[in-house]
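One letter stands for each residue in the lines below.
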Amino acid sequence: MRLFKSLIPAAALTALAAFPALAHAEGGVIRHGEGKFPISTAVEVPAGATTIYLSGMGAPVQDKTAPPKSLEAYGDTRAQTLASLQRIEGELKKLNLTMGDVVQMHIYMVADPRTKQLDFDGMMKAYTQYFGTEKQPNLPVRSAFAVAQLANPGWLIEIEVTVVRTPKK
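Keep in mind it's a predicted model, so treat the numbers as computed, not measured.

Asker: Mind showing me how you'd approach helix α4 (residues 77–94) here?
Answerer: Because the α-helix completes a turn every 3.6 residues, residues three or four places apart line up on one side. Taking 1.5 Å of rise per residue, 18 residues should cover 26 Å, and α4 covers 26 Å from first to last C-alpha, within 8% of that figure. Listed in full, the buried residues belonging to α4 are T77, Q80, T81, A83, S84, L85, I88 and L92. Lining the buried residues of α4 we find β4 (50–57), α3 (71–74), β5 (102–109), α5 (120–127) and β7 (157–165). Backbone geometry just after α4 places N96 at a positive phi near 60 degrees.

Asker: What exactly am I supposed to notice about the packing of α4 against α5 here?
Answerer: To describe two helices that pack against each other, one gives the angle between their axes and the distance between the axes. Where α4 meets α5, the axes come as close as 8 Å, and the angle between the chain directions of the two elements is 35 degrees. Handedness of the α4/α5 crossing: right-handed. Touching T77, R78, T81, L82 and L85 of α4 are G122, M123, K125, A126 and Y127, all from α5. A breakdown of the residues in the contact of α4 with α5 according to their chemical character gives five nonpolar, three polar and two charged.

Asker: What am I meant to see in the sheet that holds strand β6 (residues 141–146) here?
Answerer: The pairing of strands in a sheet comes from backbone hydrogen bonds and takes either a parallel or an antiparallel form. One open sheet holds the four strands; their spatial order is β4-β7-β5-β6, and the pairing between them is mixed. Lying at the two open borders of the sheet, with one neighbouring strand each, are β4 and β6. Across the sheet, the mean angle from the axis of one strand to that of its neighbour is 10 degrees, orientation sign disregarded. Judged from the six bridges that link them, β5 and β6 form a sheet pairing that is parallel. Within β6, the residue paired with H106 across the bridge is S143.

Asker: Would you mind showing me how to read the pairing of β7 here?
Answerer: The two faces of a sheet get side chains in turn, since along a regular strand they alternate between them. The buried fraction of β7 amounts to seven of the nine residues, a majority that puts the element mostly inside the structure. Bridge analysis of β4 against β7 gives six bridges, and the strand direction is antiparallel. Residue pairing in the sheet places I52 in a bridge with V163 of β7. Bridge count between β5 and β7: seven bridges; the pairing is antiparallel. From the neighbouring strand, Q104 faces β7, where its bridge partner is T162.

Asker: Explain the nonpolar core here, please?
Answerer: The tendency in soluble globular proteins is for nonpolar side chains to be buried side by side. Formed by 25 residues in total, the largest nonpolar core has its most connected members in I88 and F131. A59, A66, Y74 and A83 belong to the second-largest nonpolar core, a separate cluster that totals eight residues.

Basis of the calculations
Residues numbered from 1 in each chain as written. Predicted model: local features only at pLDDT ≥ 70, side-chain atom pairs only at ≥ 80, totals over all residues. Heavy atoms only, no water. Helix = DSSP H or I, 4+ residues; strand = E, 2+ residues; numbered from the N terminus. Expected span 1.5 Å × (residues − 1). Buried < 20%, exposed > 50% of the residue type's maximum accessible area, 1.4 Å probe, protein only. Contact = heavy atoms within 4.5 Å. Axes fitted to C-alpha atoms, helices over the stretch in contact; angles between N-to-C directions. Left-handed = near helix turned anticlockwise from the far one by under 90°. Nonpolar A, V, L, I, M, F, W, Y, C, P; charged D, E, K, R; others polar. Pairing = 2+ DSSP bridges. Core = buried A, V, L, I, M, F, W, Y, C linked by side-chain atoms within 4.5 Å.

Now the structure itself:
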């Protein structure tokens with residue numbers, strides 16, 4: 001636990017203090033939580049559910065006047081996380097699914113070249129606008145990875161998700 005706490009900025013831990021430990025069932029999917037961090041520790045998917053894997057998505061260009069494939073074109077980590085999650089939400093909508101159907105998430109992050117640091121706090125501020133809210137309480141299991149680079153040199157983040165469609169009753 002000591003190593004885990006050292007990797008999470010104190011501000012992020014303070015901001016996340018409102019998330020209780022719980023086991024939450026939605027449409028047959030059971031999400032187990034521990035502590036106050038807004039991710040599930042485990043997710044149980046019922047038999048008969050369909051699993052959908054979405055490809056990794058980065059942010060679309062935010063500033064078309066900036067040089068192509070530059071950080072200025074895509075924004076900081078928080079802006080890129082929000083834009084990536086908006087893209088994912090749009091793809092899910094095409095499949096008649098929502099962010100509440102996400103059961104697993106992988107977040108690939110690159111250090112901001114200006115600070116030489118991962119902006120985990122910025123990513124979390126965007127993430128918690130979509131997950132663990134009163135409107136959308138379902139939390140996926142999630143891993144966040146520091147990577148050397150992504151395919152697009154302007155991206156600081158790329159997100160892939162696994163989604164479950166449960167059978168209609």
